[in-house]
Amino acid sequence: MTHCVRYLFITVGMFVAGAAHGQDFKSQVTTGAANWDAAFNAGDASKIVTFYTKDAVIMPAGGNPVTGHDGVQTLYGGIIKSGVKAHRVTVESAEADGNLGYAYGTWQAESGGKTIAGYVTQVFKKDESGWHLVLHTWTRKPSS
């Protein structure tokens, strides 16, 4: 498995700023996941960075942790360049309490003509501009 493919067990990093007033947290996270997927599928690693805090930590399946905006851009830039496409996250649950929240669910994408998939867990922190990922980790389901 190539270095980039190992990192490709991606999931969503979700930026939930600007969600409609009155939406519950799960709805905001689901909207954010769709926006994250759109940025990824457009190949825009610089847009993906905006979904994370400046000190965010990403712990990818099979890879080393990365931190901060530079780490986020490098990680996802490499994954996108490796040919991963059609990324989609499904949020199964999300809860918030004050300025912290979490979500978990599943992800899937295409790589080399095959479907890859796994599980995702995220921790969010809210600031004046909205919800951003502070911790993001994912796993990969074994190939069938």
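Residues numbered from 1 in each chain as written. Predicted model: local features only at pLDDT ≥ 70, side-chain atom pairs only at ≥ 80, totals over all residues. Heavy atoms only, no water.

Draft legend 1. Geometry of the nonpolar core. The biggest cluster of nonpolar side chains holds 33 residues, and the ones touching the most others in it are Phe40, Ile48, Tyr52, Ile58, Tyr76 and Trp138. Only helix H2 (25-41), helix H3 (45-49), strand E1 (52-59), helix H4 (68-81), strand E3 (85-97), strand E4 (100-111), strand E5 (114-127) and strand E6 (130-138) provide two or more residues apiece to this core. Here this core takes 6 residues from H2, the largest share from any one element. With near-sequence residues (within four places) excluded, Ile58 lies in contact with Tyr52, Asn64, Pro65, Val66, Val72, Leu75, Tyr76, His136 and Trp138. (Core = buried A, V, L, I, M, F, W, Y, C linked by side-chain atoms within 4.5 Å. Buried < 20%, exposed > 50% of the residue type's maximum accessible area, 1.4 Å probe, protein only. Helix = DSSP H or I, 4+ residues; strand = E, 2+ residues; numbered from the N terminus. Contact = heavy atoms within 4.5 Å.)

Draft legend 2. Expanded view of the layout of surface pockets. In this structure, the second largest pocket spans a volume of roughly 150 Å³. Lining the second largest pocket, in full, are Tyr52, Thr53, Lys54, Asp55, His69, Lys125, Lys126, Asp127, His132 and Val134. When residues of the lining of the second largest pocket are traced back to their parent elements, those giving at least two are E1, E5 and E6. A per-element tally of the lining of the second largest pocket places E1 first, with 4 residues. When its residues are assigned to classes, the lining of the second largest pocket shows 2 nonpolar, 3 polar and 5 charged. (1 Å grid on protein atoms, 1.4 Å probe; cavity = no way out; pocket = protein on both sides within 12 Å on 5 of 7 lines; lining within 4 Å. Points joined across faces, edges and corners; volume = space filled by probe spheres on them. Nonpolar A, V, L, I, M, F, W, Y, C, P; charged D, E, K, R; others polar.)

Draft legend 3. Highlighting the packing of aromatic side chains. Per the stated rule, a full pass over the model turns up 6 aromatic pairs. Between Phe25 and Trp131, the ring centres sit 4.8 Å apart and the planes meet at 65°, which makes this aromatic pair edge-to-face. Placement of the pair is Phe25 in helix H2 and Trp131 in strand E6, with a sequence separation of 106 residues. For Phe25, a relative accessible area of 10% puts it in the buried group. Their ring planes at 80° and their centres at 5.3 Å tell us that Trp36 and Tyr76 sit as a pair that is edge-to-face. Of this pair, Trp36 sits in helix H2 while Tyr76 is found in helix H4, placing the two residues 40 residues apart along the sequence. Per residue, the accessibility class of Trp36 equals that of Tyr76, and both read buried. (Phe/Tyr/Trp six-rings, centres within 6.5 Å; stacked < 30°, edge-to-face > 60°.)

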